[in-house]
Amino acid sequence: MDLFGEQTEQEMQPVSCGKQCSVLVPYPVDKAYSYLIPDNMLLSEGDFVTVPLGNREVTGLVWHAAPEKVPTGKLKTVLSAHDFPPLSKVHLTFIEWVARYNMAPLGMALKMVLSVRDALEPPNPVAAYTVKECGPDRDKLSPQRSKVLKLLADNVPRRAAEIARLAGCSAAVVKGLYDKGFLDKVDLYQTPPCAAPSIEGHELDLSVHQNIAAETLKKSVAGDCYKTILLDGVTGSGKTETYFEAVSEAIKKGKQAVILLPEIALSNAFLDRFKERFGCAPALWHSSLTKEQRRTVWRAVAKGESKVVVGARSALFLPYADLGLIIVDEEHDPAYKQEEGTIYNARDMAIVRAHLGKFPVVLVSATPSLETIDNAWQNRYEHLHLPSRFGGASLPDIHVVDMRKDKPPRQHFISPTLKDAVEAALAAGEQSLLFLNRRGYAPLTLCRTCGHRLECPRCTAWLIEHRQTERLHCHHCGYAMPLPEKCPSCEDDESFAACGPGVERIKEEIEEYFPEARTIIFASDTASTHEELKQILDDIREKKIDIIVGTQIIAKGHHFPNLTCVGVVDADLGLSGGDLRATERCYQLLHQVAGRAGRAAQKGHVYLQSFNPDNRVIQALASGERDMFLEAESFEREQAHMPPYSRLVAVIVAGPDEDQVMDVARALGRVAPQGEKIHTLGPAQAAIYRIRGRFRQRLLIQADKEINVQKAVQSWLECIKVPSNVRVYIDIDPQSFL
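So, how was this worked out
- Residues numbered from 1 in each chain as written.
- Predicted model: local features only at pLDDT ≥ 70, side-chain atom pairs only at ≥ 80, totals over all residues.
- Heavy atoms only, no water.
- Helix = DSSP H or I, 4+ residues; strand = E, 2+ residues; numbered from the N terminus.
- Buried < 20%, exposed > 50% of the residue type's maximum accessible area, 1.4 Å probe, protein only.
- Contact = heavy atoms within 4.5 Å.
- Areas by Shrake-Rupley, 256 points an atom, 1.4 Å probe, with all protein chains shown as cover.
- Lys, Arg positive; Asp, Glu negative; His and termini not counted.
- Charge placed at Lys NZ, Arg CZ, Asp CG, Glu CD.
- 1 Å grid on protein atoms, 1.4 Å probe; cavity = no way out; pocket = protein on both sides within 12 Å on 5 of 7 lines; lining within 4 Å.
- Points joined across faces, edges and corners; volume = space filled by probe spheres on them.
- Nonpolar A, V, L, I, M, F, W, Y, C, P; charged D, E, K, R; others polar.
- Core = buried A, V, L, I, M, F, W, Y, C linked by side-chain atoms within 4.5 Å.
- Pairing = 2+ DSSP bridges.
- Axes fitted to C-alpha atoms, helices over the stretch in contact; angles between N-to-C directions.

**A short note on the overall build of the protein**
Here comes step 1: Helices and strands together make up the secondary structure of the protein, namely 19 helices and 31 strands.
Here comes step 2: Along the three orthogonal principal directions, the C-alpha set of the protein runs to about 85 × 75 × 65 Å.
Here comes step 3: When burial is assessed residue by residue, the protein has 54% of its 738 residues classed as buried.
Here comes step 4: Within the protein, contacts between residues separated by at least 24 positions form 75% of all contacts whose residues are at least 6 apart in sequence.
Here comes step 5: Put simply, the protein shows about 32800 Å² of open surface, and 49% of that area lies on carbon and sulfur atoms.
Here comes step 6: Charge centroids of the protein, computed over 87 positive and 95 negative side chains, lie 5 Å from each other.

Okay, structure coming up:
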């Protein structure tokens, strides 16, 4: 996608402020406010300050020098300036670009940067202890106290809890030694993560293709210029080790690097590989961190102390002191799209950030998105290809199972062919994965007597039965309820039946076939914490698990050397529906799942169960003709004038009053942009009409690529007055149409 087009870069010049300055605050406002600068304060663009806003004191950012046109008597005064490095000019420009491109309030773009506001204050030290050089006589000390002094003989300051743990005593023993004059107390501060990664002595034995790609990446980093590079390699080809060479080059140049991962689920195995390569853990950034961990990382990144950050999409907005490389791993993954708050695509914004900072960005995938591969075809992106698996491992054999002929028993979902394959893997001491991208026991629960379906009271969605919790759950809003004893429609007793399979039902079937096998479910609701996830992954790698029943969380980046058999229970799932990316995403997901098989010495086999084996997605997977599939998909998109050959903007009208939402949507529809190069579809009910009690209408703008859609949408929306309890959301380049 050509992100730049009409969105020209506007360099923000450093300006020393005079008597007034403009301060941007992290709230839904679209302009900076003017403030007086005290006589004893010198401010410039990018400085962090505290200012009064209404009856509050808030943290903001000096945006630029304000023209001194506002009478000073009407202005409030900047309260204080934080003793902290200012945000770089490039990052200020990036904030403005993100807000303008995504049509978000400027203050909300700043809010993504100021995500840990108390990080601007110096951290509080913790008390640590060392041995006094000339302490009291030690002859009459107890064995426990002597052990503590021996531990501290290396002169390394340690906290009392750490000393107690290492010496096998209580913290009171440490305090007693301090009270009697044997120990000194010193202030200890948190060590910045990834402050000194090692780049020497860790060279890997790369393949010929990896070496060629790695050298190209290193030259791009050394060149100090913008470039977007697609690192395209089959699953298991060693893409991670290849781009680690680019990270090493960035560290060598004294630059910072950020590696974006679509989900934290990827990070466990990834961290081990990072530590092996660089001798330390990276700075991590994701939603599961504690407040103190986030504070430490944010400060270390802003001061340039942390050299490599590995994180989710929000890591892109950290205040890097000197960023020199961005890696977007699994660039095709829809998790890079932020769907709430400030709506943006982190992959696309990463390209913009690299362009503004004049350094390379590397997009990594075995199944690139059509937008990315089209840019590579058009030579806008440099294309590096790794065609074979690392270490001599071969790609798995793909077998298509025609479910119309190879039928499982009634109320069962695993074909005889797949059952035999799992049995053979068990007999060989190898692991199997059964994939179904559907959580819970069954996707639908209905009354046998009257056909009544149990629906979420707050969403237009069916409730999903989960046997593990013995409740029905809504996967959109979190609502849950026990299965009713009577049907609320016909009042028949115990008449509800589970229809269709979820992962819990597949596990039940596997346990029926193979009761001695060690079987687990691997899904987001069974590995909801970082610790649970790590434990499951460790158990799989240590061969404590024979059969894994998993959802899409298992498909992303995991390396299980003993996993040889993969069965996709319903390969047709995801192919239906009106989403223009449905076939592309289905192909990407199934390709990634298939890539878990046979990544080591043993040959892998993948079984795709399908009622439509002639579908082009199934055939492309079976034949291994990825590019042929992408070319066919590209042709269809071009004929339909859909992205990447046009621009889309979704406008979602939402509110608790259905009639009011409809009135606003119709009013927008009456004045919507219509013309030869731009036209508007809708309004129409969203695919999921009600979520969390809010009704939703959608309109969709389709425009030629040369059209400035942001300007068109802005002019359009200004024509309509929107009631305060109705929200209008703008989604530039939508990825989902729910």
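Let's pick the thread back up.
**A few points about the layout of surface pockets**
Here comes step 1: As a volume, the second largest pocket reaches approximately 650 Å³.
Here comes step 2: In terms of lining, the second largest pocket is formed by 30 residues, of which the most central are T240, E241, R273, H559 and R599.
Here comes step 3: When residues of the lining of the second largest pocket are traced back to their parent elements, those giving at least two are α7 (239–252), α8 (267–278) and β15 (360–365).
Here comes step 4: Examining the composition of the lining of the second largest pocket, we find that four residues originate from one element, α8, more than from any other.
Here comes step 5: When its residues are assigned to classes, the lining of the second largest pocket shows nine nonpolar, eleven polar and ten charged.

**Overview of unusual backbone geometry**
Here comes step 1: In this model, P643 is joined to P644 through a cis peptide bond whose omega is 10°.
Here comes step 2: Going from G682 to P683, the amide bond is cis rather than trans, its omega being 10°.
Here comes step 3: Checked against the element boundaries, P683 lands in strand β29 (residues 678–691).
Here comes step 4: With a phi angle near 50°, E330 is a residue other than glycine that sits in the positive phi range.

**Thoughts on the nonpolar core**
Here comes step 1: Counting 144 residues, the largest nonpolar core has I259, W298 and F522 as its most contacted members.
Here comes step 2: Discounting residues that sit within four places of it in the chain, F522 has contacts with A527, L533, I536, L537, I540, I548, V549, G550, T551, I553, I554 and H558.
Here comes step 3: Core analysis: the next-biggest nonpolar cluster, separate from the first, contains 23 residues, V422, A425, L434 and I521 among them.

**Section: the sheet that holds β29**
Here comes step 1: Taken together, four strands build an open sheet; the order of strands is β29-β30-β28-β31 and the sheet is antiparallel. Two strands in the sheet have a free side with no partner beyond their single neighbour: β29 and β31 (727–732). Averaged over all neighbouring strand pairs, the angle between strand axes comes to 20°, with direction disregarded.
Here comes step 2: In terms of strand pairing, strand β28 (residues 647–655) meets β31 through six bridges, oriented antiparallel. Its bridge partner being in β31, V651 is matched across the sheet by I730.
Here comes step 3: Of the strands in this sheet, β28, β29 and β30 (694–703) are in contact with helix α18 (residues 658–670), which crosses β30 at around 15°.
Here comes step 4: Each of β28, β29, β30 and β31 is contacted by helix α19 (residues 709–717), which is oriented at about 30° to β28, the strand it contacts most.

**Some details on the pairing of strand β4 (residues 56–65)**
Here comes step 1: With four bridges connecting them, strand β1 (residues 20–24) and β4 associate as antiparallel partners. When the bridges of β4 are listed, S22 appears paired with H64.
Here comes step 2: Across six bridges, the pairing between strand β3 (residues 48–53) and β4 is antiparallel. Bridge pairing links L53 to R56 in β4.

**Concerning empty space enclosed by the protein**
Here comes step 1: All chains considered together, the criterion is met by three cavities of 30 Å³ or more.
Here comes step 2: For the largest cavity, the calculated volume is near 120 Å³.
Here comes step 3: Forming the walls of the largest cavity are 15 residues, and the residues nearest its centre are H332, D333, R347, R585 and Q735.
Here comes step 4: Considering every element that reaches the lining of the largest cavity, the biggest residue donor is helix α15 (residues 582–594), with three residues.
Here comes step 5: Each residue belonging to the lining of the largest cavity can be placed in one class, and the counts come to two nonpolar, five polar and eight charged.

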